[in-house]
Amino acid sequence: MNLHEYQGKEILSSFGVRTQRGIVASTPEEAVEAAKKLTEETGTGWHVIKAQIHAGGRGKGGGVKLAKNLDEVKSISNDIIGMMLITPQTPAEGKLVNQVLVAEDVYYPGDSEPNEFYMSVLLNRSTGRNMIMYSTEGGMDIETVAEETPHLIFTEEIDPTLGLLPFQARKIAFNLGLSGSALKEMVKFVTALYTAYVKSDSALFEINPVLKTSDDKILAVDAKVTLDDNALYRHKDYAEMRDEREENPIEVEAKAAGLNYVDLDGNVGCMVNGAGLAMGTMDLIKQAGGDPANFLDVGGTADAKRVETAFGIILKDPNVKAILVNIFGGIVRCDRVAQGVVDAYKNMGDKINVPIICRLQGTNAKEAKELIDNSGMQIISATEFQEAADKVGEVLKA
């Protein structure tokens, strides 16, 4: 589950991570009041207005601007709220901005120059260990840094039985070229950041930039936080942070129906039970000349109501030209699934306007094929995995 910047900062702050302070606002008037309050609390004279969407690169699209007075706070907020913000990480049409974060100015003059760093905490899947990735090149796309100056990217892996050790936090601070009070502040920052990552059950923390201020404070200017959905039952307060306006509406509907659905860009809808079988099905569709339009795991039950819901969700994608139903009847009997498919087809009527290829294997597979073949419905039955994929290729060429 992705979070907005202001939500991510709330989590970081709760674990003692210093962040750039700010107040979220949904209207230009609220933004002005937020700026006034922020000035009272922090003494900041200037304010940074940041669009709140689930995408990076907001500054490049005009979603992050500096306001030097309250009039500018209002005018900039008025321009950003309601705009379709286009960044390298949004769809071509952009994303609607519903709110902004009014943040304090942390690039104030002082005894030393401010310095920006990159830092993220994530799982290294090849080793099964968490790692901290960091670089002196903060404020830039980390992909660009990796491509052009890979020697400036460092990683520190953490033993899960020991956690982050003090010498590792100091090593990170040294590699970033810090010394004196700034080094001590970075050690505290890294330690608190890793603690927040573990205890919040997050999948990703990305802080870009981490800022060393002119008076040697270390703080998170931005915060991209992705939570592990599977652990949300332990964090009911985090679950309430979900902003469905930022999510694919079809995926939201599927989740509410208890279906595991991921929207893709292809032309063949998939309805499968089991994640492994779903991945294999998608591979065979690709080999047959099609492209999977979705990942959809209906789970262990596939009655008429569930199948009908799945069909309805798949058909909301206008790019779908065919649907492949590929069910293995282990726990669930194939003939029951077949009856569910036939009943769903009858109930939906003209709403189903694309060919359906149905392959059912496992318990009572023979009876299931007979049900499909004798239904009178426009459903193409298949027995073998490759046969089903070939029939998908045939209907796409027709």
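Given the structure is predicted, the values throughout are model-derived calculations rather than measurements. (Residues numbered from 1 in each chain as written. Predicted model: local features only at pLDDT ≥ 70, side-chain atom pairs only at ≥ 80, totals over all residues. Heavy atoms only, no water.)

Student: I'd like to hear about the overall build of the protein chain, residue by residue, with values.
Tutor: Secondary structure assignment for the protein chain yields 13 helices and 18 strands. Projected onto the principal axes, the alpha-carbon positions of the protein chain cover approximately 85 × 50 × 40 Å. Of the contacts made within the protein chain by residues no fewer than 6 positions apart, 68% connect residues no fewer than 24 positions apart. For the protein chain, the centre of its 41 positive side-chain charges and the centre of its 58 negative side-chain charges are spaced 3 Å apart. (Helix = DSSP H or I, 4+ residues; strand = E, 2+ residues; numbered from the N terminus. Contact = heavy atoms within 4.5 Å. Lys, Arg positive; Asp, Glu negative; His and termini not counted. Charge placed at Lys NZ, Arg CZ, Asp CG, Glu CD.)

Student: I'd like to hear about the environment of E156, residue by residue, with values.
Tutor: Here E156 shows up in strand β9 (residues 153–158). Look at E156 and you get buried, because its relative accessible area is 6%. Residues E156 and A169 lie 13 residues apart in sequence; the distance between their C-alpha atoms is 9.0 Å. When residues no more than four places from it in sequence are discounted, the contact partners of E156 are N130, M131, I132, Y134, Q168, K171 and I172. (Buried < 20%, exposed > 50% of the residue type's maximum accessible area, 1.4 Å probe, protein only.)

Student: Provide a residue-level description of the packing of aromatic side chains, including the pertinent values.
Tutor: Under the definition given, this model contains three aromatic pairs. Judged by centre distance (5.6 Å) and plane angle (80°), the ring pair of Y197 and F205 falls under edge-to-face. Across the pair, exposure class does not vary: Y197 and F205 are buried alike. Put simply, the rings of Y194, Y197 and F205 touch in pairs and so form one group of aromatic residues. (Phe/Tyr/Trp six-rings, centres within 6.5 Å; stacked < 30°, edge-to-face > 60°.)

Student: Account for the domain arrangement of the protein chain, with residues named and values stated.
Tutor: Taken domain by domain, the protein chain comprises domain 1 (1–19 + 109–247), domain 2 (21–105) and domain 3 (249–396). A separation of 42 Å is found between the C-alpha centroids of domain 1 and domain 3. (Domains from an automatic or database assignment.)

Student: Account for the pattern of salt bridges, with residues named and values stated.
Tutor: Enumeration over the complete set of coordinates arrives at 21 salt bridges. A salt bridge links R58 to E5; its shortest N-O distance comes to 3.0 Å. Of this pair, R58 sits in the loop between β2 (47–51) and β3 (64–67) while E5 sits in helix α1 (residues 5–14), placing them 53 residues apart in sequence. In terms of burial, R58 and E5 fall into one category: buried. (Salt bridge = Lys/Arg side-chain N within 4 Å of Asp/Glu carboxyl O.)

Student: How would you summarise unusual backbone geometry if you had to cite specific residues and measurements?
Tutor: Following N208, the chain continues to P209 via a peptide bond in cis, the omega torsion being 10°. Its identity is not glycine, yet D216 carries a phi of approximately 70°, on the positive side. Relative to the helices and strands, D216 resides in the loop between β10 (202–212) and β11 (218–220). A residue is classified by how much of its surface remains accessible, and D216, at 22% relative accessible area, is partly exposed. Notably, N364 is not glycine yet its phi reads approximately 60°, a positive angle. Residue placement: N364 occurs in the loop between β17 (356–362) and α12 (365–373).

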